[in-house]
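# Residue-level structural notes
So the chains spell out like this:
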Amino acid sequence: MHFTTKQIHAGVSPDPVTGSILTPIYQTTTYVQESVDQYMAKGFSYSRSANPTVSALEAKLTELEGGAATTCYGTGMSAVQAVMLAFLNAGDHAIISDVAYGGTYRLCTKILSRFGVEFTFADTSNPEEVRAAVRDNTRLIFTETPANPTLKLTDIAAISAIAKEKGIPHAVDNTFLTPYFQRPLELGADLSVHSTTKYMDGHNATVGGAVVAATKELDEKVRFIQNATGMIMSPMVAFLTLQGCKTLSLRITRQSDNAMAIARHLESHPKVKQVRYPGLESFAQHELARRQADGYGAMVWFEVEGGMQAGKKLMDCIELWSLAENLGSVESLITHPVTMTHSDVEPEERARVGIIDGLVRLSVGLEDSEDLIKALDDALAQV
Ligand SMILES: *Cc1c(COP(=O)(O)O)cnc(C)c1O
């Protein structure tokens, strides 16, 4: 079956009791058992461990990513955390992409470091730098590609090969491209991590996360954390995310077409200093983007002439685009990473990895590209 068919039908079937075509929201804490001997005969005991609505979403995501099993979480950050808790102990070391979601960086430096885990924030776009960073106690390689917010790419197959050679699991944060455009497990990664908040839901309705594992053994490790720490997704969120997934390929295709049109337009705009979008020939890693993904995604960043002041002014006066965190939704959003999503990353670290002060991040939505471009032009005329 092809992706667009699978995104609608995988993991779900009509409710056996009523025939309801949508998997119901099983809003329940517990499940009555037939007898002591028949404990868990229907697969459920308590909704912190598993819930039928959540299980349906987990089954769908497993098929979409081509994995062995999936666990879903209350947020993308709890999905990231489940991976880290599953593989890292005191005294261990992990290699993380130096450009990554701000919350991932904060989780490592402000929380997990307190428990005696050491991190190297490496330029994972350079496989040799990753190889050189591996130590005897390295137990996890966690990459994000394209990375938030600079869109730097990591060669998933190259890093997975190093990870395999060294016997270290490789987890990829696949939030930006989704399995429709990029399937890390097919490229050799062990785990594909998502903030389902973004393209999977796609409607700015929920926060959630998922970890798709390449094998049952890896899944058991993260599933143990999901239950033991109580990070499972709620049935209502799973229900809404199930509906979002049904249009994922259509939305992200149209959103990336819009992103391409906007990136090309901005590239020739006199008030724009630089534009980065993996689909542009001018993008340094354009070839890698073509090779490892089936599309370029809908995140664009650019720098306005006039630096921080001009960037802020643009965001304050722009129409149609909402000044908001989040990304991947049908509504177009505009963000200033330095003061918003990445404010917890120290200025020196931001400068080191290229999160410059004037960077404007666009999450291109599903509106007509002509309207989005006109709104950008009107705002640029005012800065
Ligand atoms: C948003 C995001 C996260 C965190 O997800 P939440 O649902 O906000 O907790 C992790 N990784 C990436 C790449 C993200 O964009």
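Let us look at the structure shown here.

## Description of the nonpolar core
Within the largest apolar cluster, 64 residues are counted, with the highest numbers of intra-cluster contacts made by Ile 262, Leu 266, Phe 302, Trp 321, Leu 362 and Val 364. Looking at this core, you find at least three residues from each of domain 1 (3-245) and domain 2 (248-380). In contact with Val 364, not counting residues within four places along its chain, are Gln 255, Asn 258, Ala 259, Ile 262, Ala 298, Val 300, Trp 321, Ser 329, Ser 332 and Leu 372. With 30 residues, the next largest nonpolar core counts Phe 119, Phe 121, Leu 140 and Val 345 among its residues.

## Focus on unusual backbone geometry
With an omega of -10°, the peptide bond running from Thr 145 to Pro 146 counts as cis. Its place among the elements puts Pro 146 in the loop between strand E4 (138-144) and helix H6 (156-166). Residue Pro 149 is reached from Asn 148 by a cis peptide bond, and omega for that bond is 5°. Not every positive phi belongs to a glycine, and Met 40 is a case in point at roughly 70°.

## Some details on the pairing of strand E6 (residues 191-195)
In terms of burial, E6 is a largely internal element, five of the five residues being buried. With burial as the criterion, each face of E6 is covered, one bearing Leu 191, Val 193 and Ser 195 and the other bearing Ser 192 and His 194. As paired strands, strand E5 (residues 170-173) and E6 are joined by three bridges and run parallel to one another. Residue pairing across strands places Val 172 opposite Ser 192, the latter belonging to E6. Strand direction decides the pairing type here: E6 and strand E7 (residues 209-213), joined by five bridges, are antiparallel. The residue of E7 that forms the bridge with Ser 195 is Gly 209.

## Points about the site of the ligand
With respect to spatial proximity, 14 residues lie near the ligand, and among them Gly 76, Met 77, Asp 173, Thr 197 and Lys 198 are the closest. Within the side chain of Thr 197, a nitrogen or oxygen atom sits 2.6 Å from an oxygen atom of the ligand. Isolated, the ligand exposes 380 Å² of accessible area, and the fraction of that covered by the protein chains is 93%. Residues that form the shell around the ligand fall into these classes: four nonpolar, seven polar and three charged.

The rules we used
- Residues numbered from 1 in each chain as written.
- Predicted model: local features only at pLDDT ≥ 70, side-chain atom pairs only at ≥ 80, totals over all residues.
- Heavy atoms only, no water.
- Core = buried A, V, L, I, M, F, W, Y, C linked by side-chain atoms within 4.5 Å.
- Buried < 20%, exposed > 50% of the residue type's maximum accessible area, 1.4 Å probe, protein only.
- Domains from an automatic or database assignment.
- Contact = heavy atoms within 4.5 Å.
- Helix = DSSP H or I, 4+ residues; strand = E, 2+ residues; numbered from the N terminus.
- Pairing = 2+ DSSP bridges.
- Near = heavy atom within 4 Å.
- Polar contact = N/O pair within 3.5 Å; in protein donor to acceptor, adjacent residues only side chain to side chain.
- Areas by Shrake-Rupley, 256 points an atom, 1.4 Å probe, with all protein chains shown as cover.
- Nonpolar A, V, L, I, M, F, W, Y, C, P; charged D, E, K, R; others polar.

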